[in-house]
Amino acid sequence: MTIRLPDFQGGFRAYEPRQEPLAVHPGAPFASRTVFSAAHVVADPYADTSPDSPAAVDWDATLAFRRHLWSHGLGVAEAMDTAQRGMGLDWAGAAELIRRSAAEARAVGGRIACGAGTDQIAGGSLAEVRAAYEEQLAVVEESGAQAILMASRALCAAASGPEDHLEVYGHLLRQAAEPVILHWLGPMFDPALEGYWGSADLDVATDTFLEVIAAHSDKVDGIKVSLLDAQREIDIRRRLPQGVRCYTGDDFNYPELIAGDDQGFSHALLGIFDPLGPLAAQAVRVLDTGNVSGFRELLDPTVELSRHLFQAPTRFYKTGVVFLAWLAGHQSHFSMVGGLQSARSLPHLARAYELADGLGLFPDPKLAEERMKTLLALYGVAQ
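Definitions and limits used
- Numbering of residues starts from 1 in each chain and follows the order in which that chain's sequence is written.
- Local features in a predicted model are, by the rule used here, given only for residues with pLDDT of at least 70; side-chain atom pairs are given and counted only at 80 or more, and totals for whole chains, interfaces and linings are based on all residues.
- Where side-chain values are given, they derive from all heavy atoms of the structure, hydrogens and water being excluded.
- Helix and strand definitions here come from DSSP, where helices need a minimum of 4 consecutive H or I residues and strands a minimum of 2 consecutive E residues; each element is numbered from the N-terminal end.
- Both definitions apply: the radius of gyration is a C-alpha atom measure, and the globule rule equals 2.2 Å times residues to the power 0.38.
- Two residues form a contact once any of their heavy atoms are found within 4.5 Å.
- To be clear on the numbers: accessible area is Shrake-Rupley with a 1.4 Å probe, and residue cover counts the displayed protein chains and nothing else.
- The charge count includes Lys and Arg as positive and Asp and Glu as negative, but it does not include His or the ends of the chains.
- In plain terms, the charge of a residue is placed at NZ if it is Lys, CZ if Arg, CG if Asp and CD if Glu.
- Two strands qualify as a pair provided DSSP detects at least 2 bridges between them.
- Axis definition: a line fitted to C-alpha atoms, limited for helices to the stretch in contact. Angles are taken between N-to-C directions and run from 0 to 180 degrees.
- Expected span, for any helix, means 1.5 Å times one less than how many residues it has.
- Only protein chains enter the accessibility calculation, which uses a 1.4 Å probe. A residue is then buried if its area is under 20% of the maximum for its type, exposed if over 50%, and partly exposed in between.
- Residues adjacent in sequence count toward polar contacts only when both atoms are side-chain atoms; beyond that, a polar contact is any pair of N or O atoms within 3.5 Å, and within protein one must be able to donate a hydrogen and the other to accept it.
- Centres within 6.5 Å make a pair out of two Phe, Tyr or Trp rings, where for Trp the six-membered ring is used; the pair is then stacked when the planes are under 30 degrees apart, edge-to-face when over 60, and tilted otherwise.
- In this analysis the charged atom, NZ for Lys or CZ for Arg, is taken to sit over a ring once it is within 6 Å of the ring centre and within 35 degrees of the ring normal.
- We count a salt bridge whenever a side-chain nitrogen from Lys or Arg sits within 4 Å of a carboxyl oxygen from Asp or Glu.

(A) Spotlight on the overall build of the protein. Helix and strand content of the protein: 14 helices and 10 strands. Against the globule reference of 21 Å for 383 residues, the protein gives a C-alpha radius of gyration of 20 Å, in line with a compact fold. Dimensions of the protein along its principal axes, counting C-alpha atoms only, are 60 × 50 × 45 Å. Across the protein, contacts joining residues at least 24 apart in sequence account for 70% of those joining residues at least 6 apart. Total accessible area on the protein stands at roughly 14900 Å², and carbon and sulfur atoms take up 50% of it. Side chains of the protein give 31 positive and 49 negative charges; the mean places of these two sets differ by 3 Å.

This is the structure in structure tokens:
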């Protein structure tokens, strides 16, 4: 049996869905790498909302998905870009998400780190930026989760140069109760972050970033680099102080960065590990045995799907992530907070289905096929 999928030229192609999923099973905790999946939120499809309304979240389905990730040994990076921070999920919703997920993590013994930013303010002075960061950092620390200091649109707008970033981050790191993860999110994910660390010159920005870390290495557990530039991440990784981890956020080049080289490797904090969770976990357990080639054999074929989901405009990758969660049966619908389910085209979604199915990502391939056909019918595509 085949399914008729739209292509990118206005035509159609026949695709024969896979019959059996990839065999993956929960296993032992990871030994060689620390791995987080940035997790999406599940919208409440029955709430009477608009794209400008506060997010209506299906908390049961959202927390169930986190239990799914924990069951495979992955940590959860909560209230991050993948959870639509600043793209449908406001600070009030993010704060509730942090509290609920942190409580769930304690209940099941899962690892969790949560994003602290400044998205409760649209802009303001450096003092207001610091206060906004402090408010969010307090919520994360009070929840018992590890903090991830996210890049701030407000800081990017308020800062006059690198010295303002040094001052704000130094202030926050001095008062942090426990070591945090610093997150450098590139403008391909959020155009408002162009020129972060006080310069559009990436070499200058990198030096400022590393200066912050060197001055406060006792308060920095690690860094997440999301620039989609493998060589720059490697260069940064090699310049980190002893004991500071590099968590790759490169959804284009993650297999090689996690595998590493004779001078080191990256841990992981990735949005693509939301749909790839069980497969990624299996690959890391292979790597734990020292089998780098086996790790790459499992993970390398997933890069085509990841590059497809994260293609420009990269910030809309969340649509593909939630779409695949629906096809995989992790939620009962394909709707998103902020109405973001409309952010990708039907041909884009069809290709995402084809690539994910080819990898065996769907626990029930027949359910995924039926849901894909339902979406196609909604668009008027006859089978």
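Alright, that's what it looks like, and here's the rest.
(B) Summary view of the sheet that holds strand β6 (residues 146–149). If you trace the eight strands once around the closed barrel, you get β3-β4-β5-β6-β7-β8-β9-β10, paired in parallel fashion. For this sheet the average axis-to-axis angle between neighbouring strands, irrespective of direction, equals 25 degrees. As judged from the two bridges shared by β6 and strand β7 (residues 180–185), these two strands associate in the parallel manner. Among the inter-strand pairings, Ile-148 is bridged to a residue of β7, identified as Ile-181. Helix-sheet contacts for helix α2 (residues 91–108) involve β4 (75–78) and β5 (112–116), and the interaxial angle to β5 is about 170 degrees.

(C) Spatial organisation of helix α6 (residues 202–215). Taking 1.5 Å per residue as the helical rise, α6 with its 14 residues ought to reach 20 Å, and the 20 Å between its terminal C-alpha atoms agrees with that figure. Within α6, burial applies to Ala-205, Thr-206, Thr-208, Phe-209, Leu-210, Val-212 and Ile-213. For α6, the elements touching its buried residues are α5 (162–175), β7, β8 (220–226) and α7 (230–238). The N-cap residue of α6 is Asp-201: its side-chain oxygen and the backbone nitrogen of Asp-203 are 2.9 Å apart.

(D) Quick peek at unusual backbone geometry. Here the residue pair Ala-312 and Pro-313 is connected by a cis peptide bond, since its omega of -5 degrees sits within 30 degrees of zero. For Gln-84, which is not a glycine, the phi torsion comes out positive at approximately 70 degrees. Its place among the elements puts Gln-84 in the loop between β4 and α2. Unlike most non-glycine residues, Leu-228 shows phi in positive territory, near 55 degrees. As for its position among the elements, Leu-228 is in the loop between β8 and α7. Its relative accessible area of 18% is what places Leu-228 among the buried residues.

(E) Here's a closer look at the packing of aromatic side chains. Going through the model one piece at a time under the given rule, you end up with 16 aromatic pairs. Seen in terms of ring centroids, Phe-310 and Tyr-317 are 4.2 Å apart; in terms of plane orientation they differ by 15 degrees. Their pairing is stacked. Here Phe-310 and Tyr-317 have matching classes, each one buried. One aromatic cluster is present, formed by Tyr-133, Tyr-169, Trp-184, Tyr-196, Trp-197 and Phe-209 through successive ring pairs. Positioned over the ring face of Phe-12 is Arg-4, at 3.9 Å from the centre of the ring. It is Arg-33 that lies over the ring of Phe-265; its NZ or CZ is 3.5 Å from the centre.

(F) Geometry of the pattern of salt bridges. For the coordinates displayed, the defined rule picks out 19 salt bridges. Between Lys-366 and Glu-369 there is a salt bridge whose closest N-O contact spans 3.7 Å. Placement of both Lys-366 and Glu-369 in helix α14 (residues 365–378) is noted, with a separation of three residues, approximately one turn of the helix. For Lys-373, the salt bridge identified is with Glu-369, shortest N-O distance 3.1 Å.

(G) Main features of the side chain of Asp-221. Positionally, Asp-221 belongs in strand β8. Reaching out from Asp-221, the side chain makes a polar contact with the side chain of Arg-245 at a distance of 2.5 Å. There is a polar contact of 2.8 Å between the side chain of Asp-221 and the side chain of Tyr-247. With near-sequence residues (within four places) excluded, Asp-221 lies in contact with Gln-146, Pro-179, Val-180, Ile-181, Gly-243, Val-244, Arg-245 and Tyr-247.

(H) Spotlight on the pairing of strand β1 (residues 3–6). Sheet topology note: the β1/strand β2 (residues 12–15) ladder contains four bridges and is antiparallel. When the sheet's bridge partners are listed, Pro-6 is paired in β2 with Phe-12. Following β1, the chain reverses through five residues before pairing antiparallel with β2; Gly-10 in that reversal takes a positive phi of roughly 90 degrees.

Nothing here speaks to function; it is geometry throughout.
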